[in-house]
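# Tertiary structure, described
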Amino acid sequence: MNNKKGKMIIFAFIALGAALIYWAIVTQPAPQSKDIQPVTMDNKSMSYSGNTITEAKNGVKIWEMTAEFIEVDAASQNVTLKNITGKFYQPNGVVVMLTAPQAQYEAKAKNITIAGGVHATTTDDSDLKAEKMFWDAAAQTLTGEQNIILTHGDAVIVGDKIETQDGFQKVKVSGNAHITKGGAQ
């Protein structure tokens, strides 16, 4: 009789285990369908506060821009900068230092458009004001546009557009251009 009782207990445990396995398989919740949105890069960007971007060639720094806020478009790698201070290092040793409310860096061409009222000074005491400036990486040219006023020593140069490759030591001015010696406009 004990033998029959032991077999019944073993059979009961086996039946209970099988029922538990069956219950676990049958009552598994069905996966819930989720609306999966495809990830696209055209609306994605990365934002940073208080960062600096630079451009160098053969180990020589060409320019650097520090901004309160930087936003990078992940797809194009173009950069928008807000409240910037920047430096352009000229081959002749002159450094152009500037401030402006905003700038846009075009990653593919490595060009920079600086806008919103630009104020630039140089290490050789030139002072430039312009509505916007443009750095052409291929030509290594810095161009000021709209209401430019360049002061260097006792000379004041005004015009619609000014271009330089050497930190405003030599300039090309066009559009309503004139120069005044003696510091008066």
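The structure under discussion appears in the preceding block.
Below is a short write-up of the structure.

### As for the pairing of strand β2 (residues 60–73)
Working note: regular strand, side chains alternate between the two faces of the sheet. Where β2 lies against strand β3 (residues 79–89), 9 bridges are found, and the strand directions are antiparallel. Counted as the bridge partner of Trp 63 is Phe 88 from β3.

### What about the nonpolar core?
Within the largest apolar cluster, 31 residues are counted, with the highest numbers of intra-cluster contacts made by Met 65, Ile 84, Phe 88, Leu 98, Ile 112, Ile 114 and Met 133. If you tally residues by element for this core, the top one is β2, at 6 residues. If near-sequence neighbours (up to four positions away) are discounted, Met 133 is found in contact with Leu 98, Ile 112, Thr 113, Ile 114, Val 118, Ala 120, Leu 128, Leu 142, Thr 143, Gly 144 and Phe 168.

### Brief notes about unusual backbone geometry
Notably, Gln 77 is not glycine yet its phi reads approximately 65°, a positive angle. Considering the arrangement of structural elements, one finds Gln 77 in the loop between β2 and β3. Note on Gln 77: relative accessible area 39%, which makes it partly exposed. Not every positive phi belongs to a glycine, and Lys 110 is a case in point at roughly 65°. Within the element layout of this structure, Lys 110 appears in the loop between β4 (95–106) and β5 (111–122).

Criteria and thresholds
- Residues numbered from 1 in each chain as written.
- Predicted model: local features only at pLDDT ≥ 70, side-chain atom pairs only at ≥ 80, totals over all residues.
- Heavy atoms only, no water.
- Pairing = 2+ DSSP bridges.
- Helix = DSSP H or I, 4+ residues; strand = E, 2+ residues; numbered from the N terminus.
- Core = buried A, V, L, I, M, F, W, Y, C linked by side-chain atoms within 4.5 Å.
- Buried < 20%, exposed > 50% of the residue type's maximum accessible area, 1.4 Å probe, protein only.
- Contact = heavy atoms within 4.5 Å.

Spatial relationships are all this shows, so hold off on functional conclusions.
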